[in-house]
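Analysis of the macromolecular model
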Amino acid sequence: MSRIAIFVDVQNIYYTTRQAFGCPFNYRKFWQEISKQGEIVHAYAYAIERNDDGQKKFQDALRHIGFDVKLKPYIQRKDGSAKGDWDVGITIDVMDTAPDVDKVILLSGDGDFDLLLAHIKKRYGVTTEVYGVEALTAKSLINSADQYHSILPNLLVC
């Protein structure tokens, strides 16, 4: 049985599915589909902590499904912009986890992860898969994965 690790860039998936479809991603259905492929031994969802009830309910739902939810504080800059980037945290966890699994699944459209996927494939021989909204996913990320899955309406809650 294949040992699988899942890494979700929650902000990226939220904004890309909302922009492309106007609907949120269906994490429960996704989990059900992936669990048919093997044993999910690690599943991380990286989110921003905004301390509002809707976010807390969403994060609790992710935990109930089986995700380990990692939170980073929401930072509002003086100029009005906001920061809440998980790229380094995701990268560290992928690097730490890749030696112990057969497959790494990344949910993100962020091209910054292309080098990471290429590295873990070469170093650890893991299979890499990416789920993202195709029109909003970096081509370099699509090309770096062994398998790319375009998020379609069947994985949304509309």
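The notes below deal with the structure included here. In this text, all values refer to a predicted model and were calculated from it rather than measured experimentally. (Residues numbered from 1 in each chain as written. Predicted model: local features only at pLDDT ≥ 70, side-chain atom pairs only at ≥ 80, totals over all residues. Heavy atoms only, no water.)

A short note on the sheet that holds strand β7 (residues 127–132)
We apply this condition: Pairing between strands is defined by DSSP: at least two bridges between them are needed. Secondary structure counts use DSSP, requiring at least four H or I residues in a row for a helix and at least two E residues in a row for a strand, with both numbered from the N terminus. For helices, the fitted line uses only the C-alpha atoms of the stretch in contact; every axis is such a line through C-alpha atoms, and the angle between N-to-C directions lies from 0 to 180 degrees.
Across the sheet, which stays open at both edges, the 6 strands sit in the order β3-β2-β1-β6-β7-β8 with parallel pairing between neighbours. Every interior strand has two partners, whereas the edge strands, β3 (68–73) and β8 (147–150), have only one. Between one strand axis and the next, the sheet turns by 15° as a mean value, whatever way the strands run. For strand β2 (residues 39–49) and β3, the ladder comprises 6 bridges, and the chain directions are parallel.

Regarding helix α5 (residues 114–124)
Structural remark: α-helix, 3.6 residues per turn; residues separated by three or four positions point the same way. How we decide: Only protein chains enter the area calculation, which uses a 1.4 Å probe; residues under 20% of their type maximum are buried, those over 50% are exposed, and those in between are partly exposed. Each C-beta atom gives one direction from the helix axis, and the arc is the one those directions make. Two residues form a contact once any of their heavy atoms are found within 4.5 Å.
Among the residues of α5, D114, L116, L117 and I120 are the ones counted as buried. The buried residues of α5 all sit within an arc of 165° when viewed along its axis, so they share a single face. The exposed residues of α5 that point more than 90 degrees off its buried face are L115, K122 and R123. Buried positions along α5 lie against α4 (87–97), β6 (103–107), β7 and α6 (139–144). At the exit of α5 stands G125, carrying a positive phi of roughly 70°.

Observations concerning the packing of aromatic side chains
Applied cut-off: Aromatic rings from Phe, Tyr and Trp, taking only the six-membered ring of Trp, are treated as a pair when their centres fall within 6.5 Å; an angle between ring planes under 30 degrees marks them as stacked, one over 60 as edge-to-face, and anything in between as tilted.
A full pass over the atoms with the stated rule returns 10 aromatic pairs. Between F25 and Y27, the ring centres sit 4.8 Å apart and the planes meet at 80°, which makes this aromatic pair edge-to-face. Of the two residues examined, F25 and Y27, each falls in the buried class. Seen in terms of ring centroids, F25 and F30 are 5.7 Å apart; in terms of plane orientation they differ by 55°. Their pairing is tilted. By relative accessible area, F30 is classed as buried at 1%. The rings of F25, Y27, F30, W31, F58, F67 and Y131 are connected pair by pair, giving a single aromatic cluster.

Focus: the side chain of T17
Within the fold, T17 resides in helix α1 (residues 10–21). Overall, the relative accessible area of 0% leaves T17 in the buried class.

Considering the environment of F21
Within the secondary structure, F21 sits in helix α1. Sequence separation of F21 and D60 is 39 residues, and the distance between their C-alpha atoms is 24 Å. Residues in contact with F21, not counting those within four places in the same chain, are V133, I151, L152, P153 and L156.

Considerations on the state of the cysteines
Definition in use: The rule for a disulfide is simple: a pair of cysteine sulfur atoms within 2.5 Å.
Evaluated as defined, the whole model comprises 1 disulfide. Sulfur-sulfur distance for the disulfide between C23 and C158 comes to 2.0 Å. Measuring handedness by torsion sign, the sulfur bridge of C23 and C158 sits at about 125° and is right-handed. Pair noted here: C23 is in the loop between α1 and α2 (27–35) and C158 is in the segment after β8, with a separation of 135 residues, a long-range link. With a relative accessible area of 11%, C23 lands in the buried category. Since its relative accessible area comes to 73%, C158 is described here as exposed.

A closer look at the pattern of salt bridges
Threshold: Salt bridge, as used here, is a side-chain nitrogen of Lys or Arg placed within 4 Å of a carboxyl oxygen of Asp or Glu.
Counted by the stated rule, this structure contains 4 salt bridges. Note that K103 is salt-bridged to E129, the shortest N-O span being 3.2 Å. With K103 in strand β6 and E129 in strand β7, this residue pair connects regions lying 26 residues apart in the sequence. The two residues K103 and E129 agree in class, both being buried. A salt bridge links D146 to K121; the shortest N-O distance between them is 3.5 Å. Of this pair, D146 sits in the loop between α6 and β8 while K121 sits in helix α5, and the two are 25 residues apart along the sequence. With a relative accessible area of 45%, D146 lands in the partly exposed category.

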